[in-house]
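Tertiary structure, described
Take a look at the letters that make up each chain.
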Amino acid sequence: MIDTDGTLIENHHATTVAVGTAAAMIVGPSGSGKSALALELIGMGAKLISDDISRVALIDGAPVVLAPDHLHGVIEARGVGLIQVPWGAEARLHLVVDMSENQLERFPRSQLVTTVVGCAVERVLRVDAPYFASALYHLLNNGRFSDTN
């Protein structure tokens, strides 16, 4: 979809949180744990950008997730209802977390990539371990280790 000002925008069935200016868009089928993972990340200090539908715009050549026009900082907690959490207006998309598939490799040999608004974005598969949210938080906050210094 092209916005009235000519900006390319895509809508994704996803919940997006940001650590600083780096966003993770959490995708997967209904009931896969998107909001639950987002709430864990928010509990660590992340901010909600959007719940359920994430609008991603191509801004200055980079994918940026925008908060919805209404219901700022509102997320559904299954069994609890709609609650308010810390939120941000926008953040640059750094990571897509795919809750539809489990990562079975202990140390994946290559990084997965997906395309959002025409840009390559790293894709991480769900890890069924208690540290998963914390690992994502630190990945967004500090990046990956690179031994090519």
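Predicted model, so just to flag it, every value in this text is computed and none were measured.

1. With respect to the side chain of Thr-15
Within the secondary structure, Thr-15 sits in strand S1 (residues 9–19). Here Thr-15 falls in the buried class, since its relative accessible area comes to 1%. A polar side-chain atom of Thr-15 sits 3.3 Å from the main-chain amide nitrogen of Asp-52. Ignoring anything within four residues of it in the chain, the contact list for Thr-15 reads Ala-24, Met-25, Ile-26, Lys-34, Ser-35, Ala-38, Leu-48, Ser-50, Asp-51, Asp-52, Ser-54 and Ile-75.

2. With respect to helix H1 (residues 34–43)
Think of an α-helix as turning once every 3.6 residues; residues three or four places apart then point the same way. Within H1 the residues assigned to the buried category are Lys-34, Ser-35, Leu-37, Ala-38, Leu-41 and Ile-42. All buried residues of H1 project into a common sector of 160° when viewed along the axis, lining one side. Of the surrounding elements, those touching the buried residues of H1 are S1, strand S2 (22–27), strand S3 (47–50), strand S6 (74–77), strand S8 (90–102) and helix H2 (132–142). Gly-45 occupies a position one or two residues after H1 and carries a positive phi of about 120°.

3. Examining unusual backbone geometry
Of note in the backbone geometry, Leu-71 takes a positive phi value of approximately 60° without being a glycine. Considering the arrangement of structural elements, one finds Leu-71 in the loop between strand S5 (62–66) and S6. Despite not being glycine, Val-117 shows a phi value in the positive range, around 40°. In this structure, Val-117 sits in the loop between strand S9 (112–116) and strand S10 (119–126).

Conventions used here
Residues numbered from 1 in each chain as written. Predicted model: local features only at pLDDT ≥ 70, side-chain atom pairs only at ≥ 80, totals over all residues. Heavy atoms only, no water. Helix = DSSP H or I, 4+ residues; strand = E, 2+ residues; numbered from the N terminus. Buried < 20%, exposed > 50% of the residue type's maximum accessible area, 1.4 Å probe, protein only. Polar contact = N/O pair within 3.5 Å; in protein donor to acceptor, adjacent residues only side chain to side chain. Contact = heavy atoms within 4.5 Å. Arc of directions from axis to C-beta.

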